[in-house]
Amino acid sequence: MTEASSPQPSGAGVADIPPYRYTATLAGQIEAAWQASWEREGVFHTPNPAGPLADPSHPRADAQKLFVLDMFPYPSGSGLHVGHPLGYIGTDVYARFQRMAGRNVLHTMGYDAFGLPAEQYAVQTGTHPRTTTEANIVRYREQLRRLGLAYDDRRSVRTIDPDYYRWTQWIFLQVFNSWFDPDANRARPIAELVEQFAVGARPTPDGRPWAELDESGRRAIINDHRLAYVSEAPVNWCPGLGTVLANEEVTADGRSDRGNFPVFKRSLRQWMMRITAYGDRLTDDLAALDWPEPIKLMQRNWIGRSTGAHIDFDTDAGPARVFTTRPDTLFGATYLVLAPEHGLVDALTAAAWPAGVHKMWTGGHDTPGQAVAAYRAFAAAKTDLERQTDAREKTGVFTGGYAVNPATGQPIPVFIADYVLAGYGTGAIMAVPAQDERDWAFAEAFELPIVRTVQPSEGFDGKAFTGDGPAINSSAPDRGLSLDGLGVAEAKATTIAWLESTGHGAGAVTFRLRDWLFSRQRYWGEPFPIVYDEHGEPIALPESMLPVELPEVADFSPRTFDPTDADTSPETPLSRASAWVEVELDLGDGPRRYTRETNVMPQWAGSCWYELRYADPTNADALIDRRIESYWMGPRGEGDCGGVDLYIGGQEHAVLHLLYARFWHKVLYDLGHVSSFEPFHQLFNQGMIQAYAFADARGQYVEAAEVVERDGRFFHGDEEVRREYGKIGKSLKNVVTPDEICDEYGADTFRVYEMSTGPLEASRPWDTRAVIGSYRFLQRVWRAIVDEETGALRVTDNPADEKLRRALHRAIDGVRTDYAGLRFNTAVAKLIELTNQLTRLPATPREVAEPLILMLAPSAPHIAEELWRRLGHGASLTYHDFPVADPAQLVADTVTYPVQINGKVRGRVEVPADAAEETVRVAALAEVAEQLGDAEPRKVIVIPGRMVSIVR
Ligand code: ANZ
């Protein structure tokens with residue numbers, strides 16, 4: 001920063017405040033001036049190893065890289081409150097520290113800008129979502145800029161920009177144009193699959209030679225293998241939002257996560273992504289990640305890998321395939337249960353009840369057909385969660401059909417019951433009441449046979465026994481299967497081998513994870529780069545036609561609907577842009593007419609890969625240059641997964657965003673576009689800032705800012721109010737914005753306050769009244785260096801005394817490791833301690849003042865820059881080396897002991913001040929050993945801290 005552009009403190013009209021005193025006004029001037037200077041000089045521009053952002057003259061061009069990433073925000077209409085920037089300030093302190101510690105740090109901030117709120121606002125008001133979103137982004141940018149966050153702004157991206165979403169569409173095409181090869185356990189280009197079919201290396205699903213299939217037959221097979229595919233499937237249709245939702249967006253009680261509208265199951269044609277193909281790798285690769293264990297566990301549970309077997313039970317309607325985790329219990333399978341929606345149910349349902357059918361089994365209906373129809377209607381009204389509740393009374397009906405247990409050869413009845421879910425495993429189970437609690441409850445209710453096949457442990461007097469034990473009642477030597485006496489694990493393996501050798505089934509792995517529902521019936525999202533031909537087949541547009549830009553529409557609303565009526569159909573806003581939808585294109589075989597896909601992508605799409613674009617934001621030829629990717633994200637060594645070095649964000653993204661982003665990254669890895677196989681190497685969850693809220697006698701919230709405390713009670717005007725504690729937000733009327741705190745104290749105070757109130761991962765209360773503590777700390781730092789009356793420096797070139805020097809180096813040592821370990825609160829505490837030692841000195845030794853300022857810089861960068869300049873330094877301290885402690889100053893203090901022999905001082909020893917008595921004794925005896933000769937002293941007395949006295 002040059003002299004001319006530096007702030008000229010004037011007191012800014014505050015008459016009785018000396019112009020050199022560190023007040024909010026002065027802080028505001030200093031901060032504005034430094035922010036302008038950083039921006040003007042491009043101080044935080046970070047060099048790439050290649051491409052347009054390369055800069056070999058940059059001070060960090062040859063340094064070791066560090067990629068620090070925040071979960072980028074959706075710019076909401078209400079702007080930022082003081083809770084939002086906690087993580088942003090944390091990453092900023094860390095990034096600033098690491099720059100000073102010598103690293104080339106990539107840190108920027110973009111906007112996840114497609115999303116429902118802007119679109120819903122558009123539906124209500126007619127304002128284009130782009131208008132609202134862009135205005136919100138401007139607001140966010142201003143708020144963040146004011147905090148002095150050291151971002152490379154050239155790298156900021158907005159997911160709504162065609163230059164950005166063309167690459168989101170490009171990734172979609174990569175996914176669409178690939179298939180998952182289970183043998184290689186990775187995605188491969190679809191052309192390689194076609195090749196395999198063509199040369200007969202891979203059989204077609206029905207065995208017909210590839211050459212005999214017509215074009216549409218081939219396309220159907222290929223489409224079935226793609227990682228992005230269209231499927232007619234039961235989905236969560238939410239008429240209230242006019243869209244289909246992913247399972248992840250539906251609450252446990254069957255309502256939309258956003259807006260709380262009812263959600264219905266409905267069959268619709270939808271885009272899906274085959275994330276389930278990656279179930280194994282998404283689970284196994286968690287081991288390579290430096291993530292909090294609870295988050296890894298949530299991912300593991302969400303993916304829900306289950307290992308067991310598929311077993312086929314013969315029926316008159318063909319084999320009924322079940323998934324079981326307990327193939328060892330096959331002999332105890334006394335009935336089958338199909339989900340009511342299972343595809344075999346109709347064929348299995350008998351025309352009439354068998355003679356003597358149990359009354360319970362018929363549900364009181366005259367025919368199985370009636371019973372099944374009635375039960376299906378009953379089950380359809382339930383959510384998956386209700387269906388799975390163990391405590392609920394078990395319901396179901398008999399289909400009238402039977403299946404053959406392959407181990408016993410016996411027919412067993414086939415039921416439908418809602419405790420079996422259509423969407424999990426195969427949607428069919430073998431029921432083993434003796435070893436499964438739900439099956440036991442069902443068998444008791446329906447009086448079905450129960451056969452124990454695992455010997456319960458001694459003293460067990462419960463119902464189903466789910467523990468380990470030797471197999472019993474499990475031998476059929478004539479069929480070649482004998483399990484009796486084997487433990488569960490051995491019996492499982494034996495059964496699977498038998499199933500495979502007899503063709504009755506095979507070992508199998510299943511996942512709780514479903515394929516990712518990828519289309520939304522909305523406007524404000526990325527259009528698909530897909531058109532349909534006259535046969536309704538999806539065709540990918542060539543890369544040269546990207547981006548497919550979102551057309552303008554007159555009306556953003558989904559079709560008029562009754563939000564409670566499941567029978568309304570989605571009509572997407574884009575489908576009404578008929579001039580856009582109906583197109584003539586030449587896709588290589590001359591101009592033809594096509595219809596565009598009118599769904600848009602879900603909001604998750606843009607956030608699945610943004611970190612890659614941060615690294616190479618201007619690349620027009622590729623998503624990211626390979627050299628740039630491997631520099632910023634490449635593996636750090638053999639077997640390392642690579643990825644962003646540090647990713648900080650809230651726990652609420654534990655599953656979805658992180659899972660989707662990992663999936664896309666792995667597809668890009670398989671196809672050779674990136675060298676890292678995980679996007680985020682280290683993940684850190686910052687805590688949440690909550691605040692007090694106050695409610696009056698009627699339970700209405702009152703403006704928290706207007707509440708005053710008197711003798712431990714709280715009043716709003718004259719009325720006493722009740723204090724609560726909760727999320728910061730409009731509804732609790734307890735919003736505090738960073739802008740207010742910056743006005744009142746300055747951004748540096750705000751930053752120091754946020755960092756000092758607890759470890760970054762801890763949730764903590766916001767307390768406006770405590771902010772002043774951080775303000776006073778910065779004032780003390782200021783006063784240690786600047787004379788408040790004259791503005792002159794209070795710094796001396798005389799050396800610091802021993803004690804202060806040691807304190808300085810202890811602080812340097814501690815602050816350095818604290819910053820590196822993301823322990824910003826303890827770093828600040830050490831800086832406060834050091835500063836407190838300066839306050840009573842007539843002048844601050846420069847040897848302490850300078851390192852103090854440098855150490856303060858990551859946390860309070862503006863005041864640090866200002867003081868640094870006033871100490872006579874020309875350039876920004878951004879790339880100044882962070883202080884390093886002198887090891888000699890870190891050893892503990894020493895004490896010198898006079899050593900007396902018979903009352904006369906004969907020598908001296910120097911030992912650490914905290915040395916044990918025995919250490920002092922040994923040292924003293926060694927010192928005077930010569931004078932003592934061989935004679936053993938009669939007495940050795942150590943007076944701690946004073947002397948050693950030896951009596952001969
Ligand atoms: C027989 C059996 C015997 C089972 C036994 C368990 C214990 P996880 O671990 O969650 O994967 N199951 C399979 N598909 C189901 C579906 N669509 N809806 C409801 N239940 C289903 O559980 C797998 C077990 O849950 C499977 O193993 C099956 O019951 C049941 F002593 O098969 B088991």
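Remember, it's a predicted structure, so these values are computed and weren't measured experimentally.

Colleague: Any chance you could explain the overall build of the chain here in plain terms?
Modeller: A count of helices and strands for the chain gives 28 helices and 35 strands. Principal axes of the C-alpha set define a box for the chain whose edges measure 115 × 85 × 70 Å. Here the chain holds 952 residues, and 54% of them are scored as buried. The long-range fraction of contacts in the chain, counting pairs at least 24 apart against all pairs at least 6 apart in sequence, stands at 70%. Approximately 40500 Å² of the chain is accessible, and the part contributed by carbon and sulfur atoms is 50%. Taking the 95 positively charged and 130 negatively charged side chains of the chain as two groups, their mean positions are separated by 5 Å.

Colleague: What am I meant to see in the pairing of strand β3 (residues 178-181) here?
Modeller: Side-chain direction in a regular strand flips from residue to residue, so the side chains alternate between the two faces of the sheet. The alternating pattern of β3 places S178 and F180 on one face and W179 and D181 on the opposite face, and all of these are buried. Two strands pair when backbone bridges link them, and β3 and strand β4 (residues 186-189) are joined in this way by 4 bridges, in the antiparallel orientation. Counted as the bridge partner of S178 is P189 from β4. Between the end of β3 and the start of β4, which pair antiparallel, lie 4 residues, with N185 showing a positive phi angle near 55°.

Colleague: How should I be thinking about the nonpolar core in this particular structure?
Modeller: For soluble globular proteins, the rule of thumb is that nonpolar side chains tend to be buried together. Grouped together as the largest cluster of nonpolar side chains are 187 residues, with contacts concentrated most on F172, W516, F518, W664 and W766. Apart from the residues lying within four places of it in its own chain, the contact partners of F172 are A228, W271, M273, F518, F528, P529, I530 and M601. Listed in part, the 50 residues of the second largest apolar core include W353, A431, A471 and I496.

Colleague: Quick question: what am I supposed to make of unusual backbone geometry here?
Modeller: Peptide bonds are trans in most cases, and residues, glycine excluded, mostly fall at negative phi. Backbone torsion omega between L546 and P547 reads -5°, so that peptide bond is classified as cis. Inspection of the secondary structure assignment puts P547 in the loop between β19 (538-540) and α16 (578-581). Of note in this structure, N185 is not a glycine but carries a positive phi near 55°. With respect to the secondary-structure elements, N185 resides in the loop between β3 and β4.

Colleague: For this particular structure, what's the right way to read the pattern of salt bridges?
Modeller: Opposite charge on two side chains allows them to pair when their charged atoms are near. Following the criterion strictly, the structure yields 52 salt bridges and no others. Put simply, R376 and D346 hold a salt bridge, and the shortest N to O gap is 3.3 Å. Taken together, the residues span a long stretch of sequence, with R376 in helix α12 (residues 368-380) and D346 in helix α10 (residues 345-348) at a distance of 30 residues. Residue R376 is classed as partly exposed on the basis of its relative accessible area, which comes to 27%. Relative accessible area serves as the criterion here: at 55%, D346 is assigned to the exposed category. Residue D767 is joined to R769 by a salt bridge in which the shortest nitrogen-to-oxygen separation is 3.6 Å.

Colleague: Before we go on, may I ask you to explain the packing of aromatic side chains in this structure?
Modeller: The geometry of two aromatic rings is summed up by the distance between their centres and the angle between their planes. Tallying each qualifying case throughout the model produces 54 aromatic pairs. With 5.6 Å between their ring centres and 65° between their planes, W167 and W170 make a pair best called edge-to-face. Here W170 and W167 lie together in helix α5 (residues 162-176), a separation of 3 residues that amounts to about one turn. Given the relative accessible area of 8%, W170 is considered buried. Plain terms: the ring middles of F398 and Y402 are 5.5 Å apart, the flat faces sit at 75° to each other, and that makes the pair edge-to-face. For Y402, a relative accessible area of 37% puts it in the partly exposed group. Across from the ring centre of W38, 4.7 Å away, lies the NZ or CZ of R96, which sits over that ring. The ring of F715 carries R710 above its face, with NZ or CZ at 4.3 Å from the centroid.

Colleague: Even after reading the chapter, I still don't get the sheet that holds strand β21 (residues 591-596), so can you show me in this structure?
Modeller: Backbone hydrogen bonds hold the strands of a sheet together, and the pairing may be parallel or antiparallel. Here 4 strands make up an open sheet; going across it, the order is β19-β18-β21-β20 and the pairing antiparallel. At either end of the open sheet lies a strand with only one pairing partner, and these are β19 and β20 (582-586). Taken pair by pair, the neighbouring strands of this sheet meet at an average axis angle of 50°, ignoring direction. The pairing of β20 with β21 spans 5 bridges and is classified as antiparallel. Across the sheet, residue L585 finds its bridge partner in β21, namely R592.

Colleague: Is there a simple way to think about α5 in this case?
Modeller: Side chains that are three or four residues apart share a direction in an α-helix, a result of its 3.6 residues per turn. Its 15 residues give α5 an end-to-end C-alpha distance of 20 Å, which sits within 8% of 21 Å, the value for a rise of 1.5 Å per residue. Of all 15 residues in α5, 12 are buried, a share of seventy percent or more. Taken together, the buried positions of α5 are Y164, Y165, W167, T168, Q169, W170, I171, F172, L173, Q174, V175 and F176.

Colleague: Would you explain the site of the ligand in this entry?
Modeller: Around the ligand, a shell composed of 18 residues is seen, among which S306, T324, L421, Y424 and R512 lie nearest. Taking S306, its side chain carries an N or O atom lying 2.4 Å from an oxygen atom of the ligand. A distance of 2.6 Å is found between an oxygen atom of the ligand and a side-chain nitrogen or oxygen belonging to R512. Protein coverage of the free-state accessible area of the ligand, which is 640 Å², stands at 86%. Of all the elements in the fold, those that place two or more residues in the shell around the ligand are β9 (320-324) and β13 (428-431). Classifying every residue of the shell around the ligand by side-chain character gives 8 nonpolar, 6 polar and 4 charged.

Colleague: Can you help me understand the sheet that holds strand β17 (residues 516-517) in this one?
Modeller: What the 4 strands build is an open sheet, ordered β6-β5-β7-β17; its pairing is antiparallel. The sheet is open, and its two edges are formed by β6 (243-245) and β17, each paired on a single side. The sheet contact formed by strand β7 (residues 264-273) and β17 spans 2 bridges and is antiparallel. Across the sheet, M273 pairs through a bridge with W516, a residue of β17. α5 contacts β5 (228-238) and β7 of the sheet and is inclined by roughly 95° relative to β7.

Colleague: For this particular structure, what's the right way to read the packing of helix α1 (residues 24-41) against helix α26 (residues 861-870)?
Modeller: If you want to describe how two helices pack, look at the angle between their axes and the distance between the axes. Orientation of α1 relative to α26, taken along the N-to-C sense of each, is 85°, at an axis distance of 9 Å. By the angle between their directions, the pair α1 and α26 is classed as roughly perpendicular. From α1, I30, E31, W34, Q35 and W38 reach across to α26, where they touch P861, H862, I863, E865, E866 and R869. Among the residues forming the contact of α1 with α26, the class breakdown is 5 nonpolar, 2 polar and 4 charged.

Colleague: Hey, could you run me through helix α21 (residues 747-756) in this one?
Modeller: Among the 10 residues in α21, 9 count as buried, and that is most of the element. Considered for burial, the residues of α21 that qualify are A747, D748, T749, F750, R751, V752, Y753, E754 and M755.

Colleague: Sorry if this is basic, but what is going on with the environment of Q388 here?
Modeller: With respect to the helices and strands, Q388 occurs in helix α13 (residues 384-388). Overall, the relative accessible area of 32% leaves Q388 in the partly exposed class. Each C-alpha atom of the pair Q388 and D418 lies 8.0 Å from the other, and the pair is 30 residues apart in sequence. Contacts of Q388, omitting those with residues within four sequence positions, involve L421 and R512.

Colleague: Help me understand the side chain of K65 in this model?
Modeller: Structurally, K65 is set in strand β1 (residues 65-70). On the accessibility criterion, K65 (11% relative accessible area) is buried. A distance of 2.7 Å separates polar atoms of two side chains, one belonging to K65 and the other to D645. Setting aside its immediate chain neighbours within four residues, K65 contacts R103, N104, Y631, W632, M633, G643 and D645.

Colleague: Would you mind showing me how to read the pairing of β20 here?
Modeller: Residues of β20 alternate between two faces, with V583 and L585 buried on one and E582, E584 and D586 left unburied on the opposite face. Joining the antiparallel neighbours β20 and β21 is a turn of 4 residues, in which G588 adopts a positive phi near 115°.

Colleague: Mind showing me how you'd approach the environment of L66 here?
Modeller: Its place among the elements puts L66 in strand β1. Classification of L66 by relative accessible area gives buried; the value is 4%. Sequence separation of L66 and I628 is 562 residues, and the distance between their C-alpha atoms is 13 Å. Leaving out residues up to four positions away in the same chain, L66 has contacts with Y94, Q98, R103, N104, V105, L106, W632 and D645.

Colleague: Teacher, can you tell me more about the packing of helix α2 (residues 85-100) against α21 here?
Modeller: Two elements in contact, α2 and α21, have axes whose closest approach is 10 Å; the angle formed by their N-to-C orientations is 100°. Classed by the angle they form, the pair α2 and α21 counts as roughly perpendicular. Counted together, P85, L86, I89, G90, D92, V93 and R96 of α2 and F750, R751, E754 and M755 of α21 form the full contact between these two elements. When its residues are assigned to classes, the contact of α2 with α21 shows 6 nonpolar, 1 polar and 4 charged.

Cut-offs used in this document
Counting of residues starts from 1 at the beginning of each chain's written sequence and follows it residue by residue. pLDDT decides what is reported in this predicted model: residues at 70 or higher carry local features, side-chain atom pairs at 80 or more are listed and counted, and totals for whole chains, interfaces and linings draw on all residues regardless. As a convention, hydrogens and water are excluded, and side-chain values are obtained from all of the structure's heavy atoms. Numbering of helices and strands runs from the N terminus, with a helix taken as a DSSP run of H or I at least four residues long and a strand as a DSSP run of E at least two residues long. Per-residue accessibility, obtained with a 1.4 Å probe over protein chains only, is compared with the maximum for each type, and a residue is labelled buried under 20%, exposed over 50%, and partly exposed between these values. By definition, residues are in contact when any of their heavy atoms lie within 4.5 Å. Here the open area of atoms and residues is found with the Shrake-Rupley method and a 1.4 Å probe, where only the protein chains shown may cover a residue. A positive count includes Lys and Arg, and a negative count includes Asp and Glu. His and the chain ends are not counted in either. Charge positions are represented by NZ for Lys, CZ for Arg, CG for Asp and CD for Glu. Pairing between two strands requires that DSSP report at least two bridges joining them. Think of a nonpolar core as a cluster: buried Ala, Val, Leu, Ile, Met, Phe, Trp, Tyr and Cys residues, connected wherever their side-chain atoms sit within 4.5 Å. Any carboxyl oxygen of Asp or Glu that lies within 4 Å of a side-chain nitrogen of Lys or Arg is treated as forming a salt bridge with it. Any two rings among Phe, Tyr and Trp, with Trp reduced to its six-membered ring, count as a pair given centres within 6.5 Å; such a pair is stacked if its planes are under 30 degrees apart, edge-to-face if over 60, and tilted if neither. Two conditions define a charge located above a ring, namely a distance within 6 Å from the ring centre to NZ of Lys or CZ of Arg, and an angle within 35 degrees of the ring normal. Note on definitions: angles span 0 to 180 degrees between N-to-C directions of axes, and those axes are lines fitted to C-alpha atoms, for helices only across the stretch in contact. Every helix has an expected span of 1.5 Å times one less than the residues it contains. We call a residue near a molecule or strand as soon as one heavy atom of that residue lies within 4 Å of the molecule or strand. Between N or O atoms, a polar contact is any pair within 3.5 Å; within protein, one atom must be a potential hydrogen donor and the other a potential acceptor, and residues adjacent in sequence are included only when both atoms are from side chains. Three residue categories are used. Nonpolar comprises Ala, Val, Leu, Ile, Met, Phe, Trp, Tyr, Cys and Pro, charged comprises Asp, Glu, Lys and Arg, and polar comprises the others, including Gly. Angular relationships are summarised with four words: roughly parallel below 35 degrees, roughly antiparallel beyond 145, roughly perpendicular across 65 to 115, and oblique for the angles in between.

Nothing here speaks to function; it is geometry throughout.
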